[in-house]
Amino acid sequence: MTYNPDDYSLELWGTGSSWDELIEKVKEHPERWPQYLNISFKFSVVTFGGTIEMKDKPVIINRFAFTGFMGKIDLKNPEEEFSLIADYGIDPNVKVAHTFYMGRLVGNGKRELIEKFNVKKRKYIGNTTMDAELSLIMANQALCGPGKLVYDPFVGTGSFLMTCAHFGAMTVGSDIDGRQIRGKGKASIQSNCEQYDLKGRVLDVLVFDVCHAPWRKIGGGLFDAIVTDPPYGVRAGAKTLGRKDPAKQATEPRMAVEEGVHAHLLPDYIPPTKPYEMSEVVADLLMFAVKNLVRGGRLVYWLPTVTEDYAIDDLPTHPCMELVSNCEQAFGQWSRRLITMEKVKDWDGEAALGPPTGDMNKSTTGPKQQGHFGFRDRYFAFTAVENARRKKELKEAFQKGGPAGVAAYMRQVEENKKQLQQQAENQQES
């Protein structure tokens, strides 16, 4: 059994640099043992970053017989469970554990929810659907629970509506594009609500531009949390109402040519949209949170960024909002950051965003631009460079070894991918 700190919480009874030292530490507190003498129990030997052979585990467990537990050993449903943990670290070359722990199980995690909300088993998904584990993490970051109202302004296929509702919150979402909300055929956000039995908590999904949100202004705020993944322009671009060319923007309602009525009143009217720059999305999102979150409410969102240009002061700030956490998910030349902010005081109706250090008006080649400015163009520039490099290497492999050389090159590429994936998993476990 491999230890994962997300699986459970332990009451720590001792730690040491060897099993012998751990045993001595546990013996320093015999007052902990009497209350567990006559109840059913179970011992587990688990590892992090290494392995212990099955034949050795009973030997290790028997070394802790000094606790004097006389109850029934129950491997399936014990009243108490104790864990003996050997920590080998994250270096795959290390073969000897460096730290040892003993603890009493306090509570299990909810790792089974990752499988429950697995997008591969979901009835309706899209190309931007957030995976289950990250959706659940964001619901936790938002402190979702019964009696809370959670909003996703870029709802897409509604992943966050499901995970936040699972923890008891009432959820609502919106999007400027209603096609993903409506779904296709019988597959839609509604079918996902039925799949997870959350129809009573997912209140509704609406079609509108969050920059022109119809929410009623309520003193003290409306939402307990805003949980969202703004579109970066990689798989789906952000849009807002308006025209690319300001000169073509109408200053008053236009009449339809044939019907003789205002065009926007026709049932088949589709309003014009324009690209929504990532730096503007983030700034507007924060200001929306300032105006619409209750005090103590949280804003949880993903921020894509170019790794070499990122700086902590790229993030827009506001005196009403406090940064709680900033966690990176690295992808090489670019990464995305899970940002969590909490509203710490009510908005006075005047305070605006604090200026980030990065200059949003600089070109995408500027040395001090924000890491997320012009993200879409810079992301595809990385892709173009990578594709050109790969094409050159394939050509060289063919010139050196023909088809066999190409096959060897592709095997090496796959091996490199596996190594990177393993490194990412090790970092996640640590």
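Residues numbered from 1 in each chain as written. Predicted model: local features only at pLDDT ≥ 70, side-chain atom pairs only at ≥ 80, totals over all residues. Heavy atoms only, no water.

Peer 1: Provide a residue-level description of the pattern of salt bridges, including the pertinent values.
Peer 2: Taken as a whole, this structure holds 12 salt bridges when the rule is applied. Between Lys 121 and Glu 115 there is a salt bridge, with its nearest N and O atoms 2.2 Å apart. Between Glu 342 and Arg 298 there is a salt bridge; the shortest N-O distance is 3.0 Å. A residue pair is termed long-range when its members are at least 10 positions apart, and Glu 342 in strand S13 (residues 334-343) and Arg 298 in strand S11 (residues 293-306) qualify at 44 residues. (Salt bridge = Lys/Arg side-chain N within 4 Å of Asp/Glu carboxyl O. Helix = DSSP H or I, 4+ residues; strand = E, 2+ residues; numbered from the N terminus.)

Peer 1: Can you lay out the nonpolar core for me, pointing to particular residues and giving the numbers?
Peer 2: Counting residues in each nonpolar core, the largest one holds 43 residues, and the members touching the most others are Tyr 151, Val 227, Leu 299, Tyr 301 and Met 321. At the level of secondary structure, the elements contributing two or more residues to this core comprise helix H4 (132-141), strand S5 (149-152), helix H5 (159-166), strand S8 (223-228), helix H8 (278-292), S11 and S13. Here this core takes nine residues from H8, the largest share from any one element. Contact partners of Met 321, with chain neighbours within four places excluded, come to Leu 286, Ala 289, Val 290, Leu 293, Leu 299, Met 341, Glu 342, Lys 343 and Val 344. Ranked by size, the runner-up nonpolar core spans 22 residues in total, among them Val 26, Ile 39, Val 45 and Ala 86. (Core = buried A, V, L, I, M, F, W, Y, C linked by side-chain atoms within 4.5 Å. Buried < 20%, exposed > 50% of the residue type's maximum accessible area, 1.4 Å probe, protein only. Contact = heavy atoms within 4.5 Å.)

Peer 1: Tell me about the packing of aromatic side chains, and please be specific about residues and values.
Peer 2: Taken as a whole and assessed by the stated rule, the structure comprises 19 aromatic pairs. Note on Phe 64 and Phe 66: the rings are 5.9 Å apart at their centroids and 35 degrees apart in plane angle, and the pair reads as tilted. Classification of Phe 64 by relative accessible area gives buried; the value is 2%. A relative accessible area of 25% means that Phe 66 is categorised as partly exposed. An aromatic cluster of three or more residues is present, and its members are Trp 13, Tyr 36, Phe 41, Phe 43, Phe 69 and Phe 82. For the cation-ring pair, Lys 27 lies above Phe 66, with the distance from its terminal atom to the ring centre recorded as 5.0 Å. The residue whose ring lies beneath Arg 336 is Trp 302, and the NZ or CZ to ring-centre distance is 4.5 Å. (Phe/Tyr/Trp six-rings, centres within 6.5 Å; stacked < 30°, edge-to-face > 60°. Lys NZ or Arg CZ within 6 Å of the ring centre and 35° of its normal.)

Peer 1: If you had to explain the sheet that holds strand S12 (residues 321-330) to someone new, which residues and values would you point to?
Peer 2: Across a sheet, strands are paired by hydrogen bonds formed along the backbone, either parallel or antiparallel in direction. As summarised here, the arrangement of the seven strands in space is S7-S6-S5-S8-S11-S13-S12, forming an open sheet in which the pairing is mixed. Across the chains shown, the open sheet's two edge strands, defined by having one partner strand only, are strand S7 (202-207) and S12. Looking at each pair of strands side by side, their axes are set apart by 15 degrees on average, direction ignored. Alignment of S11 against S13, held across nine bridges, turns out to be antiparallel. Paired with Val 306 across the strands is Trp 334, a residue of S13. (Pairing = 2+ DSSP bridges. Axes fitted to C-alpha atoms, helices over the stretch in contact; angles between N-to-C directions.)

Peer 1: Quick one: what's the story with the packing of H4 against H5, residue by residue and with numbers?
Peer 2: Two elements in contact, H4 and H5, have axes whose closest approach is 9 Å; the angle formed by their N-to-C orientations is 55 degrees. Overall, the two elements H4 and H5 adopt an arrangement that is oblique. Where H4 crosses over H5, the two elements pack in a sense that is right-handed. Facing H4, whose interface residues are Ser 135, Leu 136, Met 138 and Ala 139, H5 presents Ser 159, Phe 160, Thr 163 and Cys 164. Considered class by class, the residues forming the contact of H4 with H5 number five nonpolar, three polar and no charged. (Parallel < 35°, antiparallel > 145°, perpendicular 65-115°, else oblique. Left-handed = near helix turned anticlockwise from the far one by under 90°. Nonpolar A, V, L, I, M, F, W, Y, C, P; charged D, E, K, R; others polar.)

Treat this as a map of the structure, not an account of what it does.
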